[in-house]
Each structure stands twice: as C-alpha cells, then as structure tokens.
Amino acid sequence: MTRAMILAAGLGLRMRPLSELCAKPALPVRGTPVIAYLLELLKRHGVREVMVNLHHLKDSVREAVHEFQPSGIEVSFSDEPELLGTGGGIRQAREFLMQSDPCLVLAGDMLLDLDLAALVSRHRKRGDLATLVLREDSRVGRFGSIGISKGGAVRRIAESFDLGGEHAAGVFTSVRVFSPAALESLPERDCFEDLRDWLVPMLKDNTGGITGELLAQDRCSWEPVGTPEEYLAVNFHPPSLSFIDNDARATERGVKIKHELVVGARATLGAGAKLSRCVVWDGESVPAGTVATQGVFAQGRFISCGEPV
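The rules behind the values
- Residues numbered from 1 in each chain as written.
- Predicted model: local features only at pLDDT ≥ 70, side-chain atom pairs only at ≥ 80, totals over all residues.
- Heavy atoms only, no water.
- Helix = DSSP H or I, 4+ residues; strand = E, 2+ residues; numbered from the N terminus.
- Buried < 20%, exposed > 50% of the residue type's maximum accessible area, 1.4 Å probe, protein only.
- Contact = heavy atoms within 4.5 Å.
- Polar contact = N/O pair within 3.5 Å; in protein donor to acceptor, adjacent residues only side chain to side chain.
- Pairing = 2+ DSSP bridges.
- Axes fitted to C-alpha atoms, helices over the stretch in contact; angles between N-to-C directions.
- Parallel < 35°, antiparallel > 145°, perpendicular 65-115°, else oblique.
- Left-handed = near helix turned anticlockwise from the far one by under 90°.
- Nonpolar A, V, L, I, M, F, W, Y, C, P; charged D, E, K, R; others polar.
- Core = buried A, V, L, I, M, F, W, Y, C linked by side-chain atoms within 4.5 Å.
- Salt bridge = Lys/Arg side-chain N within 4 Å of Asp/Glu carboxyl O.
- Phe/Tyr/Trp six-rings, centres within 6.5 Å; stacked < 30°, edge-to-face > 60°.
- Lys NZ or Arg CZ within 6 Å of the ring centre and 35° of its normal.

Asker: Describe the environment of Glu 49, with residues and values.
Answerer: Positionally, Glu 49 belongs in strand S4 (residues 49-54). A residue is classified by how much of its surface remains accessible, and Glu 49, at 28% relative accessible area, is partly exposed. In sequence terms Glu 49 and Ala 4 are 45 residues apart; their C-alpha atoms lie 6.6 Å from each other. Setting aside chain neighbours within four positions, we find Glu 49 in contact with Arg 3, Ala 4, Glu 74 and Phe 96. Among the polar contacts listed, one links the side chain of Glu 49 to the side chain of Arg 3, at a separation of 3.1 Å.

Asker: Outline the sheet that holds strand S16 (residues 261-263), supporting the account with residue identities and numerical values.
Answerer: Read from one edge to the other, the open sheet built from five strands follows the order S15-S16-S18-S20-S21, with strand pairing classed as mixed. Edge positions in the sheet fall to strand S15 (256-257) and strand S21 (301-304), since each has one partner strand and no second. As paired strands, S15 and S16 are joined by two bridges and run antiparallel to one another. Residue pairing in the sheet places Ile 257 in a bridge with Val 262 of S16. Across the sheet, helix H9 (residues 228-236) touches S16, strand S18 (274-280) and strand S20 (291-298), and the angle it forms with S18 is around 100°.

Asker: Outline the packing of helix H1 (residues 34-44) against helix H2 (residues 58-68), listing residues and values.
Answerer: H2 packs onto H1 with a crossing angle of 50° between their chain directions and a minimal axis gap of 9 Å. In terms of orientation, H1 and H2 fall into the oblique class. Considering the relative orientation of H1 and H2, their crossing is right-handed. Packed against H1, whose contacting residues are Ile 35, Ala 36 and Leu 39, the element H2 presents Val 61, Ala 64, Val 65 and Phe 68 at the interface. Of the residues belonging to the contact of H1 with H2, the class tally is seven nonpolar, no polar and no charged.

Asker: Before we move on, can you summarise the nonpolar core with the specific residues and values?
Answerer: Ranked by size, the top nonpolar core spans 61 residues in total, and within it Leu 42, Leu 104, Leu 112 and Tyr 231 carry the most contacts. When residues of this core are assigned to their parent elements, the largest contribution, seven residues, is made by H1. With near-sequence residues (within four places) excluded, Leu 112 lies in contact with Leu 38, Leu 41, Leu 106, Val 175, Cys 220, Ser 221, Trp 222, Leu 241 and Phe 243.

Asker: Now, about the pattern of salt bridges: what can you tell me, with residues and values included?
Answerer: Tallied over the full model, the rule gives 23 salt bridges. With its nearest N and O atoms 3.1 Å apart, the salt bridge here joins Arg 3 to Glu 49. A residue pair is termed long-range when its members are at least 10 positions apart, and Arg 3 in strand S1 (residues 3-7) and Glu 49 in strand S4 qualify at 46 residues. Taking relative accessible area as the criterion, Arg 3 reaches 16% and is therefore assigned buried. Here Arg 139 and Asp 137 are joined by a salt bridge, their closest N and O atoms 2.7 Å apart.

Asker: Describe in detail the environment of Glu 260, supporting the description with residues and values.
Answerer: Positionally, Glu 260 belongs in the loop between S15 and S16. Glu 260 gets classed as buried once you look at its relative accessible area, which sits at 15%. A sequence separation of 16 residues divides Glu 260 from Ser 276, and the C-alpha atoms of the two residues are 6.5 Å apart. Those residues in contact with Glu 260 that sit more than four places away from it in its chain are Phe 236, His 237, Ser 276, Arg 277 and Cys 278.

Asker: I'd love a proper account of the packing of aromatic side chains, names of residues and values included.
Answerer: Any pair of aromatic rings gets described here by the distance separating the centres and the angle formed by the planes. This structure, assessed with the given rule, holds two aromatic pairs. Aromatic pair Phe 143 and Trp 222: ring centres 5.2 Å apart, planes at 75°, arrangement edge-to-face. Taken together, the residues Phe 143 in helix H6 (residues 140-143) and Trp 222 in strand S14 (residues 221-224) connect sequence positions 79 residues apart. Assessed through its relative accessible area of 28%, Phe 143 is described here as partly exposed. Seen in terms of ring centroids, Phe 178 and Trp 198 are 4.7 Å apart; in terms of plane orientation they differ by 40°. Their pairing is tilted. Taken together, the residues Phe 178 in strand S12 (residues 168-178) and Trp 198 in helix H8 (residues 194-204) connect sequence positions 20 residues apart. On the basis of relative accessible area, Phe 178 is assigned to the buried category, the value being 0%. Above the plane of the ring of Phe 77 lies Arg 62, whose end atom (NZ or CZ) is 4.6 Å from the centre.

Everything listed here is a matter of geometry and, on its own, says nothing about what the molecule does.
Below you can see the structure in the form of structure tokens.
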C-alpha cells in the first residue's frame, strides 16, 4: 500500500505575518486546516500511512492533525530541530518511505484534488524513478514552470536548469512520486532541496526515469496557500474538491460563510462590527464597532492581508 509524506516544516516566510501565528499547513480554510484536506485526499486514494515533517511552530501542525485526522489513516511525525529543506526532510524520512513502492511526497501548503491512485499506477507501469506532477495553468508567470519532452522526460526546471528539447511545460504542483531506487540515490548530507540538489544532478548525469506528468486543469485542482492574499482567496473561493464538501463541513462545525466573509466556529462579532473580505478564526471575539477589510482576525487582532489576488 502506498505511503505518503506531507512536507510541513517550512518557515512560511511569504505567509508572514499569518505564519507567525501558526504553520501554513495548520491555517484554517473555511474552518478546516489545510493539512486536513490533504489527509482526506490521501485517504480517498488508498493511502493509510503518512509521515509529516515538522519544524516551524510544529505544535500547531500536531494539533491540527490531532483534531482533524481522518479515521483509518495513521500519521507519524518527523521532527527537524534544524530545518533540513525539502530534500533533507525526505532523506530523514527515507526509511519510512522506502517501505512503499512507490511513495508520494507533497507540499503541505495547498488545496489539491487529482487521482493519486491512477498517478501512482502510471508511475509504476512506466518503471520511473521519479514523477513530478505538472498542471496546465495560466499563472505560470507567477509560479514558473517545468519543461518536458514529447515523451514526458523532464528537460527544464524553471530558469535554473535546461537540457533543451522541451515540448511542453506546466506549473509544478509540488506533488512527487518516488520509487525506492530514487530514494537510494539521495545525497548523503543533511540539508538540501530535492529538485535543485537531487534531481538536477541526476538529470545532468543523463539518469533516465525522471518524468513530468502534465495534467489539464479539469484533471487537477490546485490552489496554493503560500501568501496572505492566496490564503484569503482560497477561503472565499475554494476549489471544488471531489473528496469533501467544503460548505457542508463548515456548516457542521458552526462556521458561517456569507459572500467574502468567513467566521469560524464559536467566533463572535460585536455590535456594529463591519467586516468585508475577512476571515475570522475559530473562537475569536471581534470587538464592537470594528471596521476592517481584506484581512484576518486572529489571536485578538486584525491582520491586513494586502491587495486581492
């Protein structure tokens, strides 16, 4: 059975100041933490064992998992006293991941929906070392892209590496599939990035079996939650997800949603409070007379989140 890892250790620098309150994977989207959506997706596609790496504000991630962990799925944690980077985090969890052929690794700061079981099956059928999931996406100017050959082999990674022979390109969704043989080739050092410091050297050495799967938008829903602006956008207009009903879960938990206003469970708005394009976290008490736009009310204060995406 496929095992998976959720990368949840990052500092969340682009999400500041919200990431100074809790780690990005623990941020609530319509009352449910981002990481809970990912766990539900993994469960839907047959994953029963998940490793989550932790560093920045790790207790917020642990608490989110503890409260929202789906039944029938086991979650373990890989603590990183010092941040190891995406590659170093995978390397520290290598023993866990190598028990799965292949394994899934995905970022913990996005809402995602695609057929992971079919993805794993295609990877296994090809006999690849690594598969990177790419998406046809008009936001390529914001996120960069990875280029592939006509047969799907990775030929270019953003602006930093280019072998030529590119046929198509897509935005990297931060979903990876790795075979045990790929994990055996991880660099023998503690801190490094997986694309730049692991896969690029393999590509330079003409190592085969590193594929990019380019999916059309209707086959892959993907919304990053990496900045305060993206966080608001995904709360107000979340993608349609096949494995969960956002609005039904929110209603069950007592979350109130009205146009571009999300008020968390047990949260209250004082008399005369006027909020627009705002998210109020669970249990907050917005003072009477508060007038605020484009931000988050959390831990007793209003945090502006810049201009709309």
